[in-house]
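Read off the chains here:
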Amino acid sequence: MQPDEKYLFTYKGCYFQPDLTSVEYLDSLEDFEIRDSDVFLVTYPKSGTVWTENILSLIYHEGHRDGSEKLTLLDRVMSLEYNIGNVDYASRPSPRLFASHVPYYLVPKGLRNRRAKVVYVVRNPKDVLVSYYHFSKTSLKLEEVEDFGIFMERFLAGKVLASLWLDHVEGWYSHRDDFNILFLTYEEMKKDLRSSVLKLCNFLGRRLTEKEVDAVVDQATFNKMKADPRANYEFMPPEFMDYSKGHFLRKGTVGDWKNMMTVAQNERFDSVFKERIEKLPIKFCWDINEES
Ligand code: PPS
């Protein structure tokens, strides 16, 4: 089953959302000017993007005491390929924080000189799939596929936004030497948020006091973010989301796939993904109670 063209189009082998970007704009990204101080958060969709955006923003704005507290997350961390508000990114002050779902080969070429920083967050793909399935019901910009089994087949075939999860993760990982990049997993953030925040501060060269780190950790918890209208994405206009069907911050857990996938679906998933996943150097956590 092919994705509906109303919701997805391919650009150089990767699926994008037609309402929110264009071929011309994506073409222009190759020469997008990069600054040394830029930070790019790269993820496959539903892997913890908004969570990490919030953490980055908190780290850079040290608890939001610099006037950015009135801005929504979308203004604080700008989407590279979906410039929804038509913002002139070149005129934005440094340090600029960007988020992106693009595969490694579609990034601005200036990013390959290892000057700017890239943070790549990866999440176990079964939870990504389940999160994605629920999000496609809430998001009015994604095609709603009622049947989870059909949605899973699309996911396994890469016929979804940002294309195949395996290609995205493998691509970024195998080209890591081209970038100044830090890999983090959603699950390690979930298990020990403070250590993940410190890892980020260290990579980004940001020196925060203990108290400031505590404030970042406190404001980045699921419950705090869910209650914060500037961070929970409910500021998105009604043409983007149908909140009667769910929320952007849905469950925020590890292992929710077990509540959704049948034994047969899990076996089918493994038969398509397992071999390649096992070749990745990332140790995935499929259940928060697993020993690490
Ligand atoms: S998107 O649409 O690609 O930007 O989505 P993304 O932000 O990558 O992923 C959404 C999932 O991340 C969860 N989330 C969190 N989990 C734990 N803690 C915090 N603070 C947090 N913030 C967002 C969000 O709930 C989505 O996962 P699911 O499993 O659907 O709950």
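Scroll up for the structure.
This is a predicted model, so every value here is computed, not measured. (Residues numbered from 1 in each chain as written. Predicted model: local features only at pLDDT ≥ 70, side-chain atom pairs only at ≥ 80, totals over all residues. Heavy atoms only, no water.)

### Regarding the overall build of the protein
Assigned secondary structure in the protein consists of 11 helices and seven strands. Against the compact-globule benchmark of 19 Å for 292 residues, the protein has a radius of gyration of 18 Å, which places it among compact chains. Counting only residues that meet the buried cut, the protein has 53% of its 292 residues in that class. A separation threshold of at least 6 residues defines the contact pool for the protein, and within that pool the share at least 24 residues apart is 71%. In the structure as shown, the protein presents an accessible area of about 13400 Å², 50% of it carried by carbon and sulfur atoms. (Helix = DSSP H or I, 4+ residues; strand = E, 2+ residues; numbered from the N terminus. Rg over C-alpha atoms; globule rule 2.2 N^0.38 Å. Buried < 20%, exposed > 50% of the residue type's maximum accessible area, 1.4 Å probe, protein only. Contact = heavy atoms within 4.5 Å. Areas by Shrake-Rupley, 256 points an atom, 1.4 Å probe, with all protein chains shown as cover.)

### As for helix 9 (residues 210-219)
Regarding helix 9, the residues found buried are Glu212, Val213, Val216 and Val217. End-on view of helix 9: buried residues confined to an arc of 140°, all on one side of the axis. Away from the buried face of helix 9 by more than 90 degrees, exposed residues Glu210 and Lys211 are located. Elements in contact with the buried residues of helix 9: helix 2 (49-60) and helix 8 (193-204). (Arc of directions from axis to C-beta.)

### Observations concerning the site of the ligand
Thr49, Ser131, Tyr186, Lys251 and Gly252 are the nearest of the 22 residues found near the ligand. The side chain of Thr49 places a nitrogen or oxygen atom 2.4 Å from an oxygen atom of the ligand. Contacts to the ligand include Val50, whose backbone N or O atom sits 2.9 Å from an oxygen atom. Notes on the ligand: free accessible area 650 Å², of which the protein chains cover 96%. When contributions to the shell around the ligand are tallied by element, the ones reaching two or more residues are helix 2, helix 4 (125-138), helix 7 (186-191) and helix 10 (222-227). When residues in the shell around the ligand are grouped by element, the largest group, three residues, is from helix 2. (Near = heavy atom within 4 Å. Polar contact = N/O pair within 3.5 Å; in protein donor to acceptor, adjacent residues only side chain to side chain.)

### Things to note about the pairing of strand 3 (residues 39-43)
Of all the five residues making up strand 3, five are buried; the element is thus mostly covered by neighbouring parts of the structure. Judged by which residues are buried, strand 3 turns out to be covered on both faces: Val39, Leu41 and Thr43 on one side and Phe40 and Val42 on the other are all buried. Bridge count between strand 3 and strand 6 (residues 117-122): five bridges; the pairing is parallel. Residue pairing across strands places Phe40 opposite Val118, the latter belonging to strand 6. (Pairing = 2+ DSSP bridges.)

### With respect to the pairing of strand 7 (residues 181-185)
Within strand 7, four of the five residues are buried, which leaves the element mostly enclosed by the surrounding structure. Inspection of the sheet shows strand 6 paired to strand 7 by five bridges, in the parallel sense. Bridging across to strand 7, Val119 finds its partner in Leu182.

### What to know about the environment of His134
As for its position among the elements, His134 is in helix 4. Since its relative accessible area comes to 22%, His134 is described here as partly exposed. With 109 residues separating them in the primary sequence, His134 and Tyr25 have C-alpha atoms 29 Å apart. The contacts of His134, once residues within four sequence positions are left out, are Arg250 and Met260.

### Some remarks on unusual backbone geometry
Cis geometry is adopted by the peptide bond preceding Pro95, which originates at Ser94 and carries an omega value of -5°. Examined against the element boundaries, Pro95 turns out to sit in the loop between strand 4 (78-79) and strand 5 (97-100). Positive phi values are uncommon outside glycine, yet Asn86 reaches one of about 55°. Located in the positive-phi region is Ser163, a residue other than glycine, with phi close to 60°.

### Focus: the packing of helix 6 (residues 165-174) against helix 11 (residues 263-279)
Two numbers describe a pair of packed helices, the interaxial angle and the distance between the axes. Axis separation between helix 6 and helix 11 bottoms out at 11 Å; the angle between their running directions is 5°. As the angle between them shows, helix 6 and helix 11 are arranged roughly parallel. On helix 11, the residues touching Trp165, Leu166, Asp167 and Glu170 of helix 6 are Phe273, Arg276 and Ile277. Looking at the contact of helix 6 with helix 11, its residues break down into four nonpolar, no polar and three charged. (Axes fitted to C-alpha atoms, helices over the stretch in contact; angles between N-to-C directions. Parallel < 35°, antiparallel > 145°, perpendicular 65-115°, else oblique. Nonpolar A, V, L, I, M, F, W, Y, C, P; charged D, E, K, R; others polar.)

### Remarks on the side chain of Lys126
For Lys126, the position within the fold is in helix 4. At 2.7 Å, the side chain of Lys126 forms a polar contact with the side chain of Asn266. When near neighbours in sequence (up to four residues on either side) are disregarded, Lys126 contacts Trp257, Met261, Asn266, Phe269, Asp270 and Trp286.

### Some remarks on the pattern of salt bridges
Across all of its chains, the model carries 20 salt bridges by this definition. Measuring nitrogen to oxygen at the nearest pair gives 2.1 Å for the salt bridge that ties Lys109 to Asp31. Separated by 78 residues along the polypeptide, Lys109 in the loop between strand 5 and strand 6 and Asp31 in the loop between helix 1 (23-28) and strand 3 bring together distant segments of the chain. Assessed through its relative accessible area of 47%, Lys109 is described here as partly exposed. With relative accessibility at 56%, the residue Asp31 sits in the exposed group. Measuring nitrogen to oxygen at the nearest pair gives 2.7 Å for the salt bridge that ties Asp214 to Arg194. Placement of the pair is Asp214 in helix 9 and Arg194 in helix 8, with a sequence separation of 20 residues. The class of Asp214 is partly exposed, set by a relative accessible area of 38%. The network of salt bridges with common partners includes Asp167, Glu170 and Arg276. (Salt bridge = Lys/Arg side-chain N within 4 Å of Asp/Glu carboxyl O.)

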